[in-house]
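Understanding the architecture of this molecule
Here is what each chain is made of, one letter per residue.
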Amino acid sequence: MNHKISKGKQWVIWFVAIMALISVTMLWKHNSLLFILLSILSVNLLLIDKSIAEIKTFIFCALFGALSESLVIRWGHAREYHNPDIINIPLWLFLLRWIAWVFMSKIHWFFMN
C-alpha cells in the first residue's frame, strides 16, 4: 500500500466514503442496487493503489466479519437485519466494511505524514 497519497487521490477516497455513507442511508432497503453501487465505489478504491494487501484485507474482513456477525445475530440475538441476503446479513455489508477500512487506513497515513 502506498503511504504517500496525492491530493487528487485523497479527494477520490473522501468522495467514495461520503457516497458510500449516503448510499447506505438512502438505499438500505434495496440490497441489489446498493450492492452494485458499493461495488462500483469499491473498484474505484482498488484502482487508486492497485494494492494486493488491500485485496487480501478485503477478503479477510469480508469472510471473518460476516461470519462473526452472522453468528452473533443467529445465536446471540444481538440484532436482526430487516432484509438479509446471505447468512442473515445484507450482501452489501461486505463492501461497506471494506470501504470503511480503506478510508480509515488512508486517514491514518494522512495524519502520520
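Residues numbered from 1 in each chain as written. Predicted model: local features only at pLDDT ≥ 70, side-chain atom pairs only at ≥ 80, totals over all residues. Heavy atoms only, no water.

Brief notes about the overall build of the protein
Helix and strand content of the protein: 4 helices and 0 strands. Start at the N end of the protein and walk to the C end: the helices and strands fall as α-α-α-α. Counting all 113 residues of the protein, 35% fall into the buried class. Residue pairs in contact within the protein that sit at least 24 positions apart in sequence constitute 66% of those at least 6 positions apart. Only carbon and sulfur atoms are counted for the fraction: they give 73% of the accessible area of the protein, which is about 7,300 Å². (Helix = DSSP H or I, 4+ residues; strand = E, 2+ residues; numbered from the N terminus. Buried < 20%, exposed > 50% of the residue type's maximum accessible area, 1.4 Å probe, protein only. Contact = heavy atoms within 4.5 Å. Areas by Shrake-Rupley, 256 points an atom, 1.4 Å probe, with all protein chains shown as cover.)

Digging into the packing of helix α1 (residues 7-27) against helix α4 (residues 92-112)
At their nearest, the axes of α1 and α4 sit 10 Å apart, and the two run at 145° to each other. Relative to α4, α1 is oriented so that their crossing is left-handed. In contact with Q10, I13, W14, V16, A17, A20 and V24 of α1, α4 contributes W92, L96, I99, F103, K106, I107 and F110. For the contact of α1 with α4, the residue count by class is 12 nonpolar, 1 polar and 1 charged. (Axes fitted to C-alpha atoms, helices over the stretch in contact; angles between N-to-C directions. Left-handed = near helix turned anticlockwise from the far one by under 90°. Nonpolar A, V, L, I, M, F, W, Y, C, P; charged D, E, K, R; others polar.)

Comments concerning the environment of F64
Inspection of the secondary structure assignment puts F64 in helix α3 (residues 52-76). On the accessibility criterion, F64 (46% relative accessible area) is partly exposed. The spacing of F64 and F94 is 30 residues in sequence and 9.9 Å in space, taken between C-alpha atoms.

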